[in-house]
Amino acid sequence: MSDFTYFAQVLVSGLGTGCIYGLIGIGFCVIYNASGIVNFAQGAFVMLGGMITQVALTRLGLPLPIAAIIAILLVAISGTVLERVVVRPLWDRNATMFVMILATLAAQIVVERATLLAVGDQPRTLPVFTDLPPLKFGGVAVSLQLIWILVTSCLIVAGLAVFFQKTKTGKAMRACAIDREAAALQGIPVKRMLALSFALSAGLGALAGVLITPTQYTAFNVGVPFAISGFIAAIVGGFGKPSGAFLGGLLLGVVQAAAIAGFGSGLKNVAALSMLLIFLFLRPGGIVGASK
Amino acid sequence: MTLPNTTSTERAGLLLRAWPLQLLPWAVSAAIVGYAFIVGGYVATVIAFALVYVVFVTGLNLFMGFANQVSFGQNAFAGLGGYASAILTTTYNWPVLPAMIAGIVLAVVIALIIGYPTLRLKGHYLAMATLAIGLITYEIAVEWQSMTQGYLGISGIPPLGIGSYEIISDRGQLAILSIVALLAVFIAARIKSSRMGRAFLALGASENAALALGINVSRTKLIAFLTAAAFAALAGALFVHVVGYVSPEVFGLHMVILGFTMLYVGGIGSIAGPLIGALLISLLPEVLRGFKDYQDLFYGTALILLLIYAPRGLAAFFERRERTGSAS
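Residues numbered from 1 in each chain as written. Chains lettered and ligands numbered in written order. Predicted model: local features only at pLDDT ≥ 70, side-chain atom pairs only at ≥ 80, totals over all residues.

Participant: Would you mind going over the overall build of chain A with me for this structure?
Facilitator: Across its full length, chain A carries 12 helices and two strands. Each helix and strand of chain A, ordered N terminal to C terminal, gives the series α-α-α-α-β-β-α-α-α-α-α-α-α-α. For a compact globule of 292 residues, the expected C-alpha radius of gyration is about 19 Å, and chain A comes in at 19 Å, within 12% of that figure. By principal-axis analysis of the C-alpha atoms, chain A measures approximately 60 × 50 × 35 Å. When the 292 residues of chain A are sorted by exposure, 50% land in the buried category. Taking all contacts inside chain A whose residues are at least 6 apart in sequence as the whole, residues at least 24 apart take part in 76%. (Helix = DSSP H or I, 4+ residues; strand = E, 2+ residues; numbered from the N terminus. Rg over C-alpha atoms; globule rule 2.2 N^0.38 Å. Buried ≥ 20, exposed ≤ 12 C-beta atoms within 10 Å, placed from the backbone. Contact = placed C-beta atoms within 7 Å.)

Shown next as structure tokens:
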């Protein structure tokens, strides 16, 4: 394999995981825009998406598409549960940002441990969606799962753009992002938008989890690294901009793939985390300026 | 502190009634440790862990309770202190005390390098950056197998002791850890009433006001961070020598949530809070049978409930309000 095809291969696999990070990053943005909250339990949705699909597939014997849809719906519901049980009471008490972060992080741990008790600590994986040999473009192999990921992600991003630009609900959510009080005065049910944003964000996370699990694996503790990757994607894209988060995710995916190619897969998370720190440190002005 | 609309005799009466309540956490803590000392064995081991956590949580309290800063990565410094001490004593045959000190120094130096750029961040960015620091440390402990032996961990770490004198008995360990924990709490109390401590509190109340008062905000933050890191590293080093074994899981995210639960049970910002919080939370799994598997699940749930319904923890009962409006 020539250097060029190797490079292209790394790029392609990076774009695949990048899409996933992008979806998770969009999940962060959706909640942040509706509420100013950064949900540190975002990774739990990703883990649950893959895990519930796997359980529905193996234990209940459901076909993959149905298992995946059930998983995404269940996780979306669990998102609203999180909002109602953890976030809303703190929100009503005007909790500080730090308390909100700690509470959602604690929720992440609760979900993790409950999953550990329910299904054990063995990593699980899903079958690929379409079991055919990879396509060849020159010397570069592109697996069909990767195409599933790329196509689905692009459709979702386009769908979200339409949702936020054209539908009344989407516009209402954007209004909340711009000015919550003004939105409330216009008769927009701000709290319902908050619940909706958690459902949407959780569903996106679950979808990301379902898409990525066939190429990697899922286990009770994969959530936090995924959440951090999504967070990086959101930061790189300028926090709060869904399309920016998607591009940020692609960038992170490619950088991470390059790091894996260079240093081995053990340092995958270290590469992502280092990118987070480097990005935070080197762009303090632009980034800190956007923080609340 | 002045109480509005009270005469001096009423005020004295309030103080008198407040005193026994303020002493309560100390009395309960002394009773718990004393009981463990008498019973010995397994209970003594449990309380020994609790005392190690007292040191960790006291550091956390300095940084977060007093200075009102955010760090989800204090486990990184506990891990650094613990691993450094473990590796120096096992691989390089250092004596325990110098190894522990080296571990603490290493952690503080790394905290200085990390803290300088990190503490310029605010809000969510600071929270996520510190969380990342904890995770990077965990990943390095897993991956750097030639040094840390990865998931297997390092066993056969010598117990606490000075020179040829080793503290092996449960009661001996309990005694030395009680002294160390009490010293840590005492130092925290001294810091709180010192010039630096008042700077921490001013910073915690309002960064802009502190700046206006002539406090060097970034330096104060860094000092609070380094102090907390030193406490965490000491706790980590104590832990590995008390248990005799270390693995990456010991200093994982679990430690962060456990530390916060203890801090919030005891009462964030109070002096006795870390002590009573760590002791009570450590005793819980022993009181409730078959609780072990559900530990983290319980701690996480308890933490969420505390944050919502009792954000001041037990300190709300035993400590006078020192600052008006500190309940936020």
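Participant: Looking at this structure, how should I read the overall build of chain B?
Facilitator: A count of helices and strands for chain B gives 14 helices and four strands. For chain B, the proportion of its 328 residues judged to be buried stands at 50%. Contacts spanning at least 24 positions in sequence make up 77% of the contacts within chain B whose residues lie at least 6 apart.

Participant: Please clarify how the nonpolar core should be interpreted in this entry.
Facilitator: Buried together is how nonpolar side chains tend to be arranged in soluble globular proteins. One finds I228(A), V52(B), V54(B), A233(B) and A235(B) to be the most contacted residues of the largest nonpolar core, which totals 207 residues. If one sorts the elements of this core by residue count, helix α2 (residues 41–66) of chain B sits on top with 16 residues. (Core = buried A, V, L, I, M, F, W, Y, C linked by C-beta atoms within 7 Å.)

Participant: Is there a simple way to explain α2(B) in this structure?
Facilitator: Given 3.6 residues to a turn, an α-helix orients residues that are three or four positions apart in the same direction. All names here are of chain B. In this model, α2 (26 residues) spans 36 Å end to end at C-alpha, consistent with the 38 Å of a helix rising 1.5 Å per residue. Helix geometry: α2 is bent most strongly at L60, by close to 30 degrees. Directly beyond the C-terminal end of α2, a positive phi value near 60 degrees is found at N68. (Expected span 1.5 Å × (residues − 1). Bend = angle between axes of the 7 residues up to and from the residue.)

Participant: I would appreciate a short explanation of helix α8 (residues 195–205) of chain B in the present structure.
Facilitator: Among all positions of α8(B), only A199(B), F200(B), L201(B), A202(B), L203(B) and G204(B) are buried. Against the buried residues of α8(B) lie α2, α9 (207–212) and α10 (217–243) of chain B.

Participant: Sorry, what's going on with the interface of chain B and chain A here?
Facilitator: Size of an interface: often given as the accessible area lost when the parts come together. Tallying the contact residues gives 32 residues for chain B and 36 residues for chain A. Breaking the side of chain B that touches chain A down by element, the ones donating at least two residues are α5 (123–143), α11 (253–266) and α13 (295–309) of chain B. At 12 residues, α5(B) tops the list of elements feeding residues into the side of chain B that touches chain A. Grouping the amino acids of the side of chain B that touches chain A by side-chain chemistry returns 21 nonpolar, five polar and six charged. (Nonpolar A, V, L, I, M, F, W, Y, C, P; charged D, E, K, R; others polar.)

Participant: I would appreciate a short explanation of the confidence of the model for chain B in the present structure.
Facilitator: In low-pLDDT regions, the fine details of the predicted coordinates are not to be read closely. Residues and elements named next belong to chain B. Mean pLDDT over chain B: 83, with 89% of residues reaching 70 or higher. Under a pLDDT of 50 for its full length, residues 322–328 has, in the predicted model, six contacts with residues more than four places off or in other chains. Scored as a complex, the prediction yields pTM 0.83 and ipTM 0.83. (pLDDT = per-residue confidence, 0-100.)

Participant: Sorry if this is basic, but what is going on with the environment of L267(A) here?
Facilitator: Secondary-structure assignment places L267(A) in the loop between α10 (242–263) and α11 (268–282). Put simply, L267(A) and L196(A) are 71 residues apart on the chain and 36 Å apart in space, counted from C-alpha to C-alpha. Dropping the residues within four chain positions of it, L267(A) is found in contact with A259(A) and E143(B).

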